[in-house]
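# Notes for the structure review
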Amino acid sequence: PGGRRRVESHFASAVATHRARFDATPKGTWPAEGALSEPMAELIAAGGFGWSASSEAVLANSLPEASKAKGKSDYLYRPYDSHGVMLLFRDDRLSDLIGFEYAKWHGKDASVHFVAELEALARDAVARSEVPLVSVMLDGENAWEFFPYNGYFFLQDLYTALESHAFIRTVLPSDCLDRPRTALAQLRAGSWVYGTFSTWIGAHDKNRAWDLLCAAKRSFDLVAASGRLTPEQLQACEHRLAVCEASDWFWWFGDYNPSHAVGSFDRLYRRNLSALYRMLELDPPV
């Protein structure tokens, strides 16, 4: 219950944090796990964001013509529009090359290969009289620990090659807000993993974690409505609730992760839920 207001609260907190750190209002948002839907697009627009993004699988699920396309070049490399928000959909293969493969390569070789991939997309676009917009997006914290020197040499080689390239240009999503967009008639709900939510809900352990969160949220609602907490106490409780709502908890619960890691995250998740109950002046459920 009250999920829409909770999403709005997360957005408001993110904007406030961004302003405090960068002295600027963010122009776009990457929603948790690239999870988009029609209601989410409406909330993003209402929040004043100009752009958002997800994966190519979400776009393919949203376009009936995608199944008939000869390749993703027929539909992927352009900005779309939903509820006035520019939506970008990442090239999963290119993004995953950086995220998972290039750490095993020599930095120069990886850079040359990546630029060659972009050049191939450009040649294909010229034949269509198009200027492709290729979106490369990956978990910011996960890739670099596997690269030698945190990816320093690969990034130096890559950006040197891109900056001196004859026709490839690097841009931020906010640089593209004035580009013509293709209207998206429907936006199928999904995340950047498989274009579904199966990584975060559906398995028994994941569903159990959601049940625990929903029970805690109902308790939060009842205590908040009772008026017995001070505004400061209520604010602290809401912050703890937001911690419990973080998407990564539900990624970790599942038999595809090492049992010791799952156990650690399970204990930490339950500690946060228990802390929320105690802050609400309630006994945590057994």
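Structure report, in brief. (Residues numbered from 1 in each chain as written. Predicted model: local features only at pLDDT ≥ 70, side-chain atom pairs only at ≥ 80, totals over all residues. Heavy atoms only, no water.)

### Examining the environment of Phe253
Inclusion rule: In this description a helix means any DSSP run of H or I spanning at least four residues, a strand means any run of E spanning at least two, and both kinds are numbered starting from the N terminus.
Within the secondary structure, Phe253 is located in the loop between helix H9 (248-252) and helix H10 (259-279). Separated by 12 residues in sequence, Phe253 and Phe265 place their C-alpha atoms 7.9 Å apart.

### Some words on the packing of helix H1 (residues 3-22) against helix H2 (residues 38-46)
Put simply, the test is: Axis definition: a line fitted to C-alpha atoms, over the contacting stretch in the case of helices. Angles run 0 to 180 degrees between N-to-C directions. Between 65 and 115 degrees an angle is taken as roughly perpendicular, under 35 as roughly parallel, over 145 as roughly antiparallel, and anywhere else as oblique. Left-handed describes a crossing in which the near helix is turned anticlockwise from the far one by less than a right angle; the clockwise case is right-handed. By the convention used here, residues are in contact when the closest approach between their heavy atoms is within 4.5 Å. Each residue gets one of three labels, nonpolar for Ala, Val, Leu, Ile, Met, Phe, Trp, Tyr, Cys and Pro, charged for Asp, Glu, Lys and Arg, and polar for the others, Gly among them.
Packing of H1 against H2 leaves a shortest axis separation of 11 Å and a crossing angle of 45°. It follows from the interaxial angle that H1 and H2 lie oblique. Considering how the two elements wind past one another, H1 and H2 form a crossing that is right-handed. Residues Arg4, Val7, Glu8 and Phe11 of H1 touch H2, and the partners they reach there are Met40, Glu42, Leu43 and Ile44. Residue composition of the contact of H1 with H2, grouped by class: five nonpolar, no polar and three charged.

### Overview of the nonpolar core
Under the convention used in this document: In these notes, a set of buried Ala, Val, Leu, Ile, Met, Phe, Trp, Tyr and Cys residues joined through side-chain atoms within 4.5 Å is what counts as a nonpolar core. Whether a residue is buried, partly exposed or exposed follows from its accessible area with a 1.4 Å probe, protein chains only, as a fraction of its type maximum: under 20%, in between, or over 50%, in that order.
Leu59, Tyr80, Leu87, Phe89, Tyr102, Leu184 and Leu187 are the most contacted members of the largest nonpolar core, which totals 37 residues. Take this core: its biggest share by element is five residues, from helix H5 (residues 107-127). The residues contacting Leu184, other than those within four sequence positions of it, are Leu59, Ser62, Leu63, Tyr80, Asp81, Leu87 and Phe89. Within the second largest apolar cluster, 21 residues are counted, among which are Ala209, Leu212, Val223 and Leu241.

### Details of unusual backbone geometry
Here the phi dihedral of Asp23 falls at roughly 55°; this positive angle occurs in a residue that is not glycine. Counting through the fold element by element, Asp23 comes out in the loop between H1 and strand S1 (28-29). Since its relative accessible area comes to 72%, Asp23 is described here as exposed. Of note in this structure, Asn150 is not a glycine but carries a positive phi near 55°. Among the secondary structure elements, Asn150 is positioned in the loop between H5 and helix H6 (152-163). A relative accessible area of 53% places Asn150 in the exposed class.

### Here we look at the environment of Thr29
Along the chain, Thr29 falls in strand S1. Thr29 sits in the buried class, given a relative accessible area of 12%. Spatially, the C-alpha atoms of Thr29 and Val223 are 32 Å apart, while their sequence positions differ by 194 residues. Setting aside its immediate chain neighbours within four residues, Thr29 contacts Phe11, Ile44, Phe49, Trp51, Ser52 and Ala53.

### Notes on the packing of aromatic side chains
Counted only if it meets this: Only Phe, Tyr and Trp rings are paired, with Trp represented by its six-membered ring, and only when their centres lie within 6.5 Å; those with planes under 30 degrees apart are stacked, over 60 edge-to-face, the remainder tilted.
Summed over the entire model, instances satisfying the criterion amount to 18 aromatic pairs. Measuring from centroid to centroid gives 6.2 Å for Trp249 and Phe265, while their planes differ by 70°, and the two rings are edge-to-face. Here Phe265 lies in helix H10 and Trp249 lies in helix H9, a separation of 16 residues in the sequence. We classify Trp249 as buried; its relative accessible area is 8%. Among the aromatic residues, those joined into a cluster by ring pairs are Trp210, Trp249, Phe250, Trp251, Trp252, Phe253, Tyr256, Phe265 and Tyr269.

### Comments concerning the state of the cysteines
The condition that has to hold: Working definition: a disulfide is two cysteine sulfur atoms within 2.5 Å of each other.
As enumerated under the stated definition, the model contains zero disulfides in all. The thiol sulfur of Cys237 is not disulfide-bonded, and the nearest other cysteine sulfur, from Cys244, lies at 11 Å. Take Cys237: its relative accessible area is 0%, and that puts it in the buried class.

### Considerations on the layout of surface pockets
Using the following cut-off: In the cavity and pocket records, a cavity denotes points on a 1 Å grid over the protein atoms alone where a 1.4 Å probe fits but cannot get out, a pocket denotes an open set with protein on both sides within 12 Å along at least 5 of 7 lines, and lining residues are residues with an atom within 4 Å of a point. Grid points are joined across faces, edges and corners, and a volume is the space filled by probe spheres set on the points.
Taken as a whole, the second largest pocket encloses approximately 1200 Å³ of empty space. Within the residue set of the lining of the second largest pocket, elements represented by two or more residues are strand S2 (51-55), H5 and H6.

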